[in-house]
Amino acid sequence: MKSLRIIGSAFKSLGRNKLRTFLMMIGVIIGIMALTMVVAAGLGARQRVMERVRKFGLDSLMVRAGAGQTMGRPSDGQPTATLKVEDAEAILREIKQVADVSPQLHRPQMDVKYGDKSTSTMVLGAWPSFATVWDWGAAAGDFIDDEDVAGAARVCVIGPTVQKDLFGGAKPIGEMIRLGSVQFEVKGILVAKGTSPSGGDMDNRVMIPMTTMMRRIANIDYITNIKVRLKSVKDMDKAAGSIKALLRERHKTASGIPDDFTITTPEEVTETAEKVAGTFNLLLILVAGVSLIAGGVIVSNLMLISISERRKEIGLRKAVGAQKKNITLQFLLEAAAVTFTGGIIGVALGVAGSKILEIVTKTPTAVSWPVVILGLVFSSLVGLIAGIHPARRAASIQPIEALKP
Amino acid sequence: MNDFIVQAQNIQKIYNPGKTSEVAAVRDVSLDIRKGEFLGIMGASGSGKSTVMNILGCLDRPTSGTVLLDRKEVSGLSDDELAKVRNKLIGFVFQSFNLLPRTTALENVELPLVYSERANIGRLARMALEAVGLKHRDNHYPGELSGGEQQRVAIARALVNEPEIIFADEPTGNLDSRSSYEVISLFQKLNEQGKTIVLVTHEPDIAEHARRIIRISDGRVVEDRVNENPKSAEEELRKLPGKEAKE
């Protein structure tokens, strides 16, 4: 009963001085808001990586030309010219865990024209197996077939974005488009895939037979990457090892010389993401910790100021019978209530901020409730700790203070 | 009626003892107060009368000497034990009212009860406000009340936990004469109902309302007399012009 009344006193005094209460809260509000938003952004980024891995396929791995290119970026200077279509054929032929392969050679940007219309798109040379390995075939018309590859046919399958840019509403199948100086007949339209997890437009592409790509567009005899689909997810490590050995042998890489290709398994991507997320989380804890400590210092200081303003009140409370512990409890509660309320407001603003961030930057965010709850618990704790010194000082004020004019 | 509520023996209060700034506020005061007394403590400012009151009221400790409150030794008690004694036995009224700002009259009156073990504090506080004639002002803030009303709220706060003794330190110091008489009249009524009242004042006119008057000078009791004919504040109020117009 008595404790309840003292709790009541604490809340009443907070209500009586709203500006002071708000100022005390503001540090914690900002800290918790930042924490919520940064965690949401971080988790969003991680989910994006997971989504990418899931879309890529857990039963697949990627072989890229060049060493140490996890992000698929050409290394300094010349592109690595050692990965060949024959390597893809060898992988399919000699590694028994492999179900299918899809070698690719792409140009990130080329102008494509239809009549007087023109657009910029990615051009990708591929085998018919692309459709099954990537699970990405033609939605209308036909995909590239074996005959097209054998004859280096000048046919193409276009993405929905290219279709929209060049043809508008008109039917594209059977029409001729131009890539550079070469005419291509549109034989199909790709299934729409929308935006990639990294924000690119996956539908802005033109696919042509690998042979056509090599001879008529790129004029090179090497490729950029091979996606390998396995018969079973369980064979991932074994298959990756075998492919590595096979390619080293085929490329005549002496022992001690690093690979001239990079094999990326979904597991590696996930691991990297986890590692990045782990570092990120550590940073977050630091950021949150620092901002909460700053908030706590603000609370502590404002409480000390408020206590010197409220000496008379405290003296009076003691004069009419408040014991030290009653005053201590009241001020600790005031501090904890301030920071807890600040925490709640911070979470609310953080969630709202994350949504705004999502809309503005077009990258997904994910609010993590455990982190939010942890933040609230933490903010109350900060209040309690920040309140200890002021509360003790308040409790030590003598009742005689109440009598001083 | 012969029970002693306060028995003080040779109390001394020395500030900064042993230093060059040593000041003896109370040199040697022995004083007994019986239950039901209305005692006026007179003295010029700096005479030590407030210090005596603070010591008797357990707000301060004597440097030496003993104080018995309701026959219990209090000079050796801890801060928290003294707080309990103040809460149970003593009510205070101060010159500057000392009401909590931005807090309603009712909540101000409740304050001593917050720190007591009693239940129904709202009801008790309302009764105390009624006793000082301010029941209708329960939801007003101190800023909305006149000085006299504020002091009556403070008296209700002093009364609410049914203390044995009320110490009032210059309760009329910040009031006009009408409000002063109203406050003194209230004390006289409470005294008639059996409350022990200790009224500290430097105004002889106010002190004359007490039934026993002591005078303190330079930290000693220099006079202790029974006031055979205490003034009635009620009568003086009646004599004041324009009472009807104000009420």
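As the structure is a computational prediction, the values presented were derived from the model and not from experiment.

1. Here's the deal with the overall build of chain A
1) Next: Tallying secondary structure elements over chain A gives 12 helices and 10 strands in all.
2) Next: What you see for chain A is a C-alpha radius of gyration of 33 Å, clearly larger than the 22 Å of a compact globule of 405 residues, by over 25%.
3) Next: Put simply, chain A has 405 residues, and 41% of those count as buried.
4) Next: A sequence separation of at least 24 residues applies to 81% of the contacts in chain A between residues at least 6 apart.

2. What about the overall build of chain B?
1) Next: Along its length, chain B carries nine helices and 10 strands.
2) Next: Taken across its 247 residues, chain B has 50% of its residues classed as buried.
3) Next: Long-range pairs, those at least 24 residues apart, make up 68% of the contacts in chain B with a sequence separation of at least 6.

3. Describing the interface of chain B and chain A
By convention, interface size is frequently given as the accessible area that disappears when the constituent parts associate.
1) Next: On the side of chain A, 23 residues touch chain B, which itself brings 25 residues to the contact.
2) Next: Contributing elements (two or more residues each) for the side of chain B that touches chain A: helix H2 (79-89) and helix H3 (105-114) of chain B.
3) Next: Among the elements that make up the side of chain B that touches chain A, the one with the highest residue count is H2 of chain B (six residues).
4) Next: The residue makeup of the side of chain B that touches chain A, split by class, is 10 nonpolar, seven polar and eight charged.

4. Details of helix H6 (residues 160-167) of chain A
All names here are of chain A.
1) Next: Burial in H6 covers these residues: Pro160, Val162, Gln163 and Leu166. The arc that holds the buried residues of H6, viewed along the axis, is 155°, so those residues lie on one side.
2) Next: Along its buried surface, H6 packs onto strand E2 (98-114), strand E3 (117-126), strand E5 (155-158), strand E6 (176-179), strand E7 (182-190) and strand E8 (205-209).
3) Next: Gly168 sits one or two residues past H6 and shows a positive phi near 60°.

5. Focus on the packing of helix H5 (residues 147-159) of chain B against helix H6 (residues 177-192) of chain B
Residue and element names in this part refer to chain B.
1) Next: It is the contact of H5 with H6, at a shortest axis distance of 9 Å, that shows an interaxial angle of 20°. Taken together, the axes of H5 and H6 are roughly parallel relative to one another. The two elements H5 and H6 cross, and the hand of that crossing is right-handed. Where H5 abuts H6, its residues Gly147, Gly148, Gln151, Arg152 and Ile155 lie against Ser179, Glu182, Val183 and Leu186.
2) Next: Its residues assigned to classes, the contact of H5 with H6 comprises three nonpolar, four polar and two charged.

6. A closer look at the nonpolar core
1) Next: Counting 123 residues, the largest nonpolar core has Ile41, Ala156 and Val198 of chain B as its most contacted members.
2) Next: It is helix H2 (residues 18-56) of chain A that provides the largest number of residues to this core, a total of 14 residues.
3) Next: Among residues more than four places away in sequence, those in contact with Ala156 of chain B are Val109, Ala128, Leu129, Ala131, Val132 and Leu134 of chain B.
4) Next: The next biggest cluster of nonpolar side chains, apart from the first, holds 50 residues, and it includes Val85, Ile158, Leu179 and Leu190 of chain A.

7. A closer look at the domain arrangement of chain A
1) Next: Per the domain assignment, the segments making up chain A are domain 1 (2-52 + 271-403) and domain 2 (81-259).
2) Next: The C-alpha centroid of domain 2 of chain A is placed 55 Å from the C-alpha centroid of domain 1 of chain A.

8. Description of unusual backbone geometry
Trans peptide bonds make up the majority, and among non-glycine residues the majority have a negative phi.
Residue and element names in this part refer to chain B.
1) Next: Unusually for a residue other than glycine, Arg71 sits at a positive phi of about 70°.
2) Next: With respect to the helices and strands, Arg71 occurs in the loop between strand E4 (64-69) and strand E5 (72-73).
3) Next: Residue classification places Arg71 among the exposed positions, given that 10 C-beta atoms sit within 10 Å.
4) Next: Here the phi dihedral of Asn120 falls at roughly 55°; this positive angle occurs in a residue that is not glycine.
5) Next: Within the secondary structure, Asn120 is located in the loop between H3 and helix H4 (121-131).
6) Next: On the basis of neighbour counts, which here come to 10 C-beta atoms within 10 Å, the residue Asn120 falls in the exposed class.

9. Quick notes on the environment of Leu106 of chain B
All names here are of chain B.
1) Next: Mapped onto the fold, Leu106 is located in helix H3.
2) Next: Look at Leu106 and you get buried, because 21 C-beta atoms sit within 10 Å.
3) Next: Put simply, Leu106 and Asn16 are 90 residues apart on the chain and 40 Å apart in space, counted from C-alpha to C-alpha.
4) Next: Those residues in contact with Leu106 that lie beyond four places of it in its chain are Ala125, Arg126, Leu129, Asp138 and Asn139.

10. Focus on the confidence of the model for chain B
1) Next: Averaged over all residues, the pLDDT of chain B equals 92, while 97% of them reach at least 70.
2) Next: Across the whole predicted complex the pTM is 0.73, and at the interface the ipTM reaches 0.93.

11. Here we look at the environment of Thr80 of chain A
All names here are of chain A.
1) Next: Position of Thr80 relative to the elements: it lies in the loop between strand E1 (60-65) and helix H3 (85-94).
2) Next: Owing to 18 C-beta atoms within 10 Å, Thr80 belongs among the partly exposed residues under this scheme.
3) Next: Not counting chain neighbours up to four residues away, the residues in contact with Thr80 comprise Ala65, Gly66 and Asp260.

12. Focus on H3 of chain A
All names here are of chain A.
1) Next: For H3, the full list of buried residues reads Val85, Asp87, Ala88 and Ile91. End-on, the buried residues of H3 take up no more than an arc of 160°, which puts them together on one face.
2) Next: Elements in contact with the buried residues of H3: E2, helix H7 (210-218), strand E9 (225-230) and helix H8 (236-250).

13. Quick notes on the confidence of the model for chain A
1) Next: Here chain A averages 87 in pLDDT, and 96% of its residues register 70 or above.
2) Next: Confidence drops under pLDDT 50 across residues 69-74 of chain A; counting only partners more than four residues distant or on other chains, this segment forms eight contacts.

14. Here we look at the packing of helix H1 (residues 2-16) of chain A against helix H11 (residues 324-361) of chain A
Residue and element names in this part refer to chain A.
1) Next: Viewed as axis vectors pointing N to C, H1 and H11 meet at an angle of 50°, and their least axial separation amounts to 9 Å. The angle between H1 and H11 places the two elements in the oblique class. Seen along the crossing, H1 lies across H11 with a hand that is right-handed. Here Ile6, Ile7, Ser9, Ala10, Phe11, Ser13 and Leu14 of H1 come into contact with H11, specifically with Asn326, Leu329, Gln330, Leu333, Glu334, Ala337 and Val338.
2) Next: Among the residues forming the contact of H1 with H11, the class breakdown is nine nonpolar, four polar and one charged.

15. Quick word on the environment of Met53 of chain B
Residue and element names in this part refer to chain B.
1) Next: Its location among the elements puts Met53 in helix H1 (residues 49-56).
2) Next: Each C-alpha atom of the pair Met53 and Glu110 lies 24 Å from the other, and the pair is 57 residues apart in sequence.
3) Next: Residue contacts for Met53: discarding those within four places in its chain leaves Ile41, Phe167, Asp169, Val198 and Val200.

Each value, and the rule that gives it
- Residues numbered from 1 in each chain as written.
- Chains lettered and ligands numbered in written order.
- Predicted model: local features only at pLDDT ≥ 70, side-chain atom pairs only at ≥ 80, totals over all residues.
- Helix = DSSP H or I, 4+ residues; strand = E, 2+ residues; numbered from the N terminus.
- Rg over C-alpha atoms; globule rule 2.2 N^0.38 Å.
- Buried ≥ 20, exposed ≤ 12 C-beta atoms within 10 Å, placed from the backbone.
- Contact = placed C-beta atoms within 7 Å.
- Nonpolar A, V, L, I, M, F, W, Y, C, P; charged D, E, K, R; others polar.
- Arc of directions from axis to C-beta.
- Axes fitted to C-alpha atoms, helices over the stretch in contact; angles between N-to-C directions.
- Parallel < 35°, antiparallel > 145°, perpendicular 65-115°, else oblique.
- Left-handed = near helix turned anticlockwise from the far one by under 90°.
- Core = buried A, V, L, I, M, F, W, Y, C linked by C-beta atoms within 7 Å.
- Domains from an automatic or database assignment.
- pLDDT = per-residue confidence, 0-100.

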